Amino acid sequence: MTLNFKDHFSQVAKEYRTFRPKYPEKLFQWLANIAPNQDTALDCGCGTGQAAVALARYFDKVYAVDPSPEQIANAIANEKVMYQVASAEQTGLSRNSQDLVIAAQSLHWFDLDRFYPEVSRIARQGAVFTAFSYGLVTVTPEIDKIIEHLYYDILGQYWPPERQHVDEGYRTLPFPFREITAPSFVMTANWGMSHLLGYLATWSAVKEFRSQTASDPLKVVGAELQEVWGQEDLKTISWPLVIRAGIIK
């Protein structure tokens with residue numbers, strides 16, 4: 001199946017699976033608790049399935065859709081997760097079939113005029129929709145300064161316009177459901193510098209910079225990071241999560 005969509009990640013699907021951070025377990029415990037049942041859940045724009053596999057620990061069946069065949073081909077296998085190359089706006093799922101629908105770091109890519117009606121169509125009575133995202137990574141003040149320079153100064157013009165919604169914490173996006181107040185969650189990881197650079201390489205703006213300039217912004221950043229990284233191989237990396245959740249119907 002070939003779908004028309006803004007494809008920023010197919011070329012880095014393997015790296016996406018390897019280097020993207022994992023969401024906190026307590027997030028999925030909370031999602032299971034607020035859903036009316038733990039029968040079925042849908043992960044829209046699932047990428048390589050990090051969130052879908054986590055949902056499978058709490059739901060009997062998880063559907064996961066992404067328009068990128070490369071992402072689906074590199075998805076994490078799980079007997080309870082059914083992957084499908086499909087758009088979030090046209091999932092192909094049955095009406096009134098889902099207890100929970102999530103969009104993990106993906107809502108800003110969707111055509112919301114088409115996506116929200118699809119969510120309402122497939123949702124059961126009392127079902128919940130949740131979108132969550134994470135912004136700029138933090139490590140130490142010295143390292144953060146280098147990453148901010150990369151993010152804003154070097155890559156600023158290469159970010160797709162949709163990235164602004166992440167920076168704004170999704171607060172400027174329409175949200176047609178009865179909103180629920182979500183707890184605060186933070187993603188954390190213990191990474192070495194090479195893993196951090198691998199993560200930065202999955203940024204859509206890095207891919208665009210390389211395409212347009214035939215040069216690699218991470219080479220300069222890597223040298224700067226090496227100078228301030230210090231003797232410890234592993235450092236605690238963190239990303240605060242932004243969550244919007246609501247009762248669909």
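Scope of this entry: the structure provided in the associated data block. (Residues numbered from 1 in each chain as written. Predicted model: local features only at pLDDT ≥ 70, side-chain atom pairs only at ≥ 80, totals over all residues. Heavy atoms only, no water.)

What follows deals with the overall build of the protein. Scanning the protein from terminus to terminus reveals 10 helices and eight strands. For 249 residues, the compact-globule estimate of 2.2 N^0.38 gives 18 Å, and the protein sits close to it at 18 Å. With the principal axes as the frame, the protein shows a C-alpha extent of 55 × 35 × 35 Å. Evaluated residue by residue, the protein yields a buried proportion of 55% over its 249 residues. Excluding contacts between residues fewer than 6 apart, the proportion of contacts in the protein whose partners are at least 24 apart in sequence is 78%. Taken as a whole, the protein presents about 11,700 Å² of accessible surface, with 47% of it coming from carbon and sulfur. Within the protein, one finds 23 positive and 28 negative side-chain charges whose respective centroids are separated by 6 Å. (Helix = DSSP H or I, 4+ residues; strand = E, 2+ residues; numbered from the N terminus. Rg over C-alpha atoms; globule rule 2.2 N^0.38 Å. Buried < 20%, exposed > 50% of the residue type's maximum accessible area, 1.4 Å probe, protein only. Contact = heavy atoms within 4.5 Å. Areas by Shrake-Rupley, 256 points an atom, 1.4 Å probe, with all protein chains shown as cover. Lys, Arg positive; Asp, Glu negative; His and termini not counted. Charge placed at Lys NZ, Arg CZ, Asp CG, Glu CD.)

Another point: the packing of aromatic side chains. Overall, the coordinates contain 23 aromatic pairs when judged by the stated rule. Summarising the aromatic geometry, the rings of Phe 129 and Phe 175 are spaced 6.0 Å apart at their centres and angled 35° between planes, so their arrangement reads as tilted. Of this pair, Phe 129 sits in strand S5 (residues 123–134) while Phe 175 sits in the loop between helix H7 (163–167) and strand S6 (178–180), placing them 46 residues apart in sequence. Summarising the aromatic geometry, the rings of Tyr 151 and Trp 203 are spaced 5.6 Å apart at their centres and angled 85° between planes, so their arrangement reads as edge-to-face. Separated by 52 residues along the polypeptide, Tyr 151 in helix H6 (residues 141–154) and Trp 203 in the loop between helix H8 (193–200) and helix H9 (204–213) bring together distant segments of the chain. Neither residue differs from the other here; Tyr 151 and Trp 203 are each classed as buried. One aromatic cluster is present, formed by Tyr 23, Phe 28, Phe 132, Tyr 134, Tyr 151, Tyr 152, Trp 159, Trp 191, Tyr 199, Trp 203 and Trp 239 through successive ring pairs. Directly above the ring of Trp 159 sits Arg 163, whose terminal nitrogen or CZ lies 4.9 Å from the centroid. (Phe/Tyr/Trp six-rings, centres within 6.5 Å; stacked < 30°, edge-to-face > 60°. Lys NZ or Arg CZ within 6 Å of the ring centre and 35° of its normal.)

Mapping Arg 244 onto the fold places it in strand S8 (residues 235–247). Sequence separation between Arg 244 and Trp 203 is 41 residues; the distance between their C-alpha atoms is 23 Å. Those residues within four positions of Arg 244 in sequence are excluded, and the remaining contacts are Phe 129, Thr 130, Ala 131, Tyr 170, Arg 171, Leu 173, Phe 175 and Glu 179. Reaching out from Arg 244, the side chain makes a polar contact with the backbone oxygen of Tyr 170 at a distance of 3.0 Å. A distance of 3.0 Å separates polar atoms of two side chains, one belonging to Arg 244 and the other to Glu 179. (Polar contact = N/O pair within 3.5 Å; in protein donor to acceptor, adjacent residues only side chain to side chain.)

With that settled, the discussion passes to the pairing of strand S4 (residues 98–104). Counted residue by residue, S4 has seven buried out of seven residues, so it is predominantly covered. The sheet contact formed by strand S1 (residues 40–44) and S4 spans four bridges and is parallel. Pairing of Cys 44 across the sheet is with Ala 103, part of S4. Note: S4 against S5, six bridges, orientation parallel. (Pairing = 2+ DSSP bridges.)

This brings us to the pairing of S1. Counting buried positions along S1 yields five of five residues, so the element is predominantly enclosed. With five bridges connecting them, S1 and strand S2 (residues 61–66) associate as parallel partners. For Thr 40, the partnering residue across the bridge sits in S2 and is Lys 61. Remark: the S1/helix H3 (residues 50–55)/S2 crossover connection has right-handed handedness. (Right-handed = clockwise from strand over helix to strand, strands pointing away.)

Further remarks concern the pattern of salt bridges. Counting across every chain of the model gives seven salt bridges. Note that Arg 57 is salt-bridged to Glu 25, the shortest N-O span being 2.6 Å. You can see Arg 57 sitting in the loop between H3 and S2 and its partner Glu 25 sitting in helix H2 (residues 25–34), a full 32 residues away along the chain. Salt-bridge contacts for Arg 124 lead to Asp 39; the nearest nitrogen and oxygen are separated by 3.0 Å. With a gap of 85 residues between them, Arg 124 in strand S5 and Asp 39 in the loop between H2 and S1 connect regions that are remote in the sequence. Owing to a relative accessible area of 25%, Arg 124 belongs among the partly exposed residues under this scheme. Linked by salt bridges that have partners in common, Asp 39, Asp 99 and Arg 124 make up one network. (Salt bridge = Lys/Arg side-chain N within 4 Å of Asp/Glu carboxyl O.)

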